[in-house]
Amino acid sequence: MVNGRRVLERFPAGGPRGSWPAEEFAHARRLEGMPAEVVMDLATDAFLVIVRGAEPFE
């Protein structure tokens, strides 16, 4: 966990045209009750699916 954010998954930014795997993964987590969101990590050129807050999820 970094800065009160937990990274659930990383996805490369250069995915196939019309494909949004990070958004689809985050949406599935939100359906499970996790407040997941997608952010861009410019340093690694990747999309991160994160959950804000310091509480760990089971």
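Since the structure is predicted, the reported quantities are computational estimates derived from the model, not experimental observations.

Reading guide: rules and limits
Residues numbered from 1 in each chain as written. Predicted model: local features only at pLDDT ≥ 70, side-chain atom pairs only at ≥ 80, totals over all residues. Heavy atoms only, no water. Helix = DSSP H or I, 4+ residues; strand = E, 2+ residues; numbered from the N terminus. Buried < 20%, exposed > 50% of the residue type's maximum accessible area, 1.4 Å probe, protein only. Contact = heavy atoms within 4.5 Å. Phe/Tyr/Trp six-rings, centres within 6.5 Å; stacked < 30°, edge-to-face > 60°. Lys NZ or Arg CZ within 6 Å of the ring centre and 35° of its normal.

Across its full length, the protein holds one helix and three strands. Going residue by residue from the N terminus, the α and β elements of the protein occur as β-α-β-β. The buried share among the 58 residues of the protein stands at 19%. Counting only contacts in the protein whose residues sit at least 6 apart along the sequence, the fraction spanning at least 24 positions is 51%.

Enumeration according to the criterion identifies one aromatic pair in this entry. Centre to centre, the rings of phenylalanine 11 and phenylalanine 25 are 5.7 Å apart; their planes meet at 55°, and the pair counts as tilted. Residue phenylalanine 11 is located in strand β1 (residues 5–12), and its partner phenylalanine 25 is located in helix α1 (residues 21–31); the two are separated by 14 residues in the primary sequence. Judged by relative accessible area, which is 22%, phenylalanine 25 ranks as partly exposed. Above the ring of phenylalanine 25, the side-chain terminus of arginine 29 is found at 4.4 Å from the ring centroid.

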